[in-house]
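Each chain, letter by letter, is given below.
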Amino acid sequence: MTRIRTQVGIVGAGPAGLTLAHLLHLQGIESVILERHSREYVETRVRAGVLEQGTVDILCNSGVGERLKREGLQHGGVELRFDGKGHRIDFQELVGKSITVYAQQEVVKDLIAARLCYGAPLRFEAEAIRVEGYDADPKIQYQHGGESHEISCDFIAGCDGFHGICRPTFPEGQLQIHERHYPFSWLGILARVPPASHELIYSYHERGFALLSMRSPEVSRLYLQCASDEDLNNWPDDRIWEELRTRMATRDGFKLKDGPIFQKGITPMRAFVASPMQIGNLFLLGDAAHIVPPTGAKGLNLAVADVRVLTRGLVEFYKHKKHQALAQFTERCLRRVWKCQRFSGWMTSMLHRFPQEDSFSHQIHLAELDYVTGSRAASTTLAENYVGLPFDTPGLF
Ligand code: APR
Ligand code: PHB
């Protein structure tokens, strides 16, 4: 068994682990990242693609925003569509901010390239098997190239996603789980066809929710609400386009052009929060600690917000020998997490059809959307949350 030492051992090379390692590197704090999948796998995994302005600022100010600035699509608003009509929520006018559409795997590629460029440790196909000693002497055991290895470190960052090994390490009874399951999923596609709108469209329809998003001027990303146990085989391409056209239709003849679909998948809808997000010297970040339903695209942004909090805490610890910010990690992260749960949950219930909903509920959905799009106060609330709430504490980047 080989043994190495570092300051922060990071499990997982998703957006959380990679951003954390990058920000720590810029502060002179060493880390090693372990990722169980290959580089190709993490660089091609299809996920959401909306970045809050605060997330864009962190990436750009920390020197990994070159391509994001060039290729990211900046949007000053979104459309809410219902009852055959579209209504634009103008973020720029209401709150003076915007969002950027840039796929999560592109963020991941940029962070990996930066890390390899400055030669810091990032091990692919290295699976963490066990984390231990979080009270006094943290260690991570992992498998790489058919052999066992061990990292000894000051802190462990569990950035290993919802199915990772770090959260289950918390002793039974010391972790509170708050959970909500939704009785539907999203069927998502990527299609080689220019987006039918230059901004995102969230559409509420009697047959269910639909979302038009994009990845580039040539590639559309579209979603349909479907049953939670939906079988993709029941959805040939023609049926998907037909259903999208029905749910996106407007009275003034909106046209949705189809094109070759090159990726299809089902995203389950779940809300999940684990508390606390730390025990001893072990911290949970991103999907390892919380999942939001995807309506509002908060997942990656919340992961980056956790990273911001932990980076500040670790900098205070290493530079000024202060523990206070680290001790407040859970509290600081969860304040934002719960606000994002509230927002994503609200967007989800407003825009989806729940099983057994009657005509009364349908009218309530329409009234709520009419209110949100018609009242400046309500539109501002949506805009303020969508572009990302301000951070409670000043950041380093
Ligand atoms: N050893 C090493 N790596 C692991 C292990 C393990 N035992 N378990 C999990 N991993 C890796 C996974 O392979 C994955 O690449 O941890 C990584 C976790 O990354 P993500 O799932 O992307 O989670 P996170 O970085 O928190 O990103 C949050 O991702 O799922 C989206 O909507 C979510 O956008 C949000 C973002
Ligand atoms: C996406 O582009 O993948 C996307 C956009 C908005 C959402 C969710 C996902 O709310």
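You'll find the structure just up there.
All chains use their own residue numbering, which begins from 1 and follows the written sequence. To read the labels, note that chains go from A and ligands from 1, taken in the order they are written. Whole-chain, interface and lining totals are the exception, using all residues; otherwise, since this is a predicted model, local features are given only for residues with pLDDT of at least 70 and side-chain atom pairs are given and counted only at 80 or more. Only hydrogens and water are removed before side-chain values are computed, so all heavy atoms of the structure are retained for them.

**Some words on unusual backbone geometry**
Basically, it comes down to this: Helix and strand labels come from DSSP, where a helix needs a run of H or I of at least four residues and a strand needs a run of E of at least two; each type is numbered from the N terminus.
In the segment running from S275 into P276, the intervening peptide bond is cis, with an omega of 0°. With phi around 50°, D83 is a residue other than glycine that occupies positive phi space. Locating D83 in the fold gives a position in the loop between β5 (77-82) and β6 (85-90). Residues other than glycine seldom take positive phi values, yet E125 does so here, at roughly 50°. With respect to the element layout, E125 can be found in the loop between β8 (122-123) and β9 (126-132).

**As for helix α11 (residues 359-374)**
Definition in use: To estimate how far a helix should reach, multiply one less than its number of residues by 1.5 Å. For each residue, the accessible area found with a 1.4 Å probe, counting protein chains only, is set against the maximum for its type, and the residue is called buried under 20%, exposed over 50%, and partly exposed in between. This arc describes the spread of directions from the helix axis toward the C-beta atoms. Contacts are assigned to residue pairs with any non-hydrogen atoms lying within 4.5 Å of each other.
Over its 16 residues, α11 runs 22 Å from end to end, which matches the ideal 22 Å to within 8%, given 1.5 Å per residue. Residues of α11 that are buried include every one of H362, H365, L366, L369, V372 and T373, and no others. Around the axis of α11, the buried residues are gathered within 130° of arc, so they sit on the same side. Within α11, the exposed residues directed more than 90 degrees away from the buried face are F360, Y371 and G374. The inward-facing, buried residues of α11 contact β5, β6, α10 (329-351) and α12 (376-386).

**A short note on the site of ligand 2**
Filter applied, for reference: Proximity is defined per residue: any heavy atom of the residue falling within 4 Å of a molecule or strand makes that residue near it. As used in this structure description, the phrase polar contact means that two N or O atoms lie within 3.5 Å; if the pair is within protein, one of them must be able to donate a hydrogen and the other to accept it, and residues adjacent in sequence are counted only when both atoms belong to side chains. For every accessible area listed, the method is Shrake-Rupley and the probe measures 1.4 Å; residues are considered covered only by the protein chains on display. Residue type decides the class: Asp, Glu, Lys and Arg count as charged, Ala, Val, Leu, Ile, Met, Phe, Trp, Tyr, Cys and Pro as nonpolar, and the leftover types, Gly among them, as polar.
Surrounding ligand 2, one finds 15 residues, the nearest of these being Y202, S213, R215, Y223 and G296. A distance of 2.9 Å separates an oxygen atom of ligand 2 from a polar backbone atom of G296. Between A297 and ligand 2, the recorded distance is 3.4 Å, taken from a backbone N or O atom to an oxygen atom. Coverage of ligand 2 by the protein chains reaches 99% of its 280 Å² of free accessible surface. Taken together, the elements giving at least two residues each to the shell around ligand 2 come down to β14 (210-216) and β15 (219-227). With three residues, β14 is the single largest residue contributor to the shell around ligand 2. A class-by-class count of the residues in the shell around ligand 2 yields nine nonpolar, four polar and two charged.

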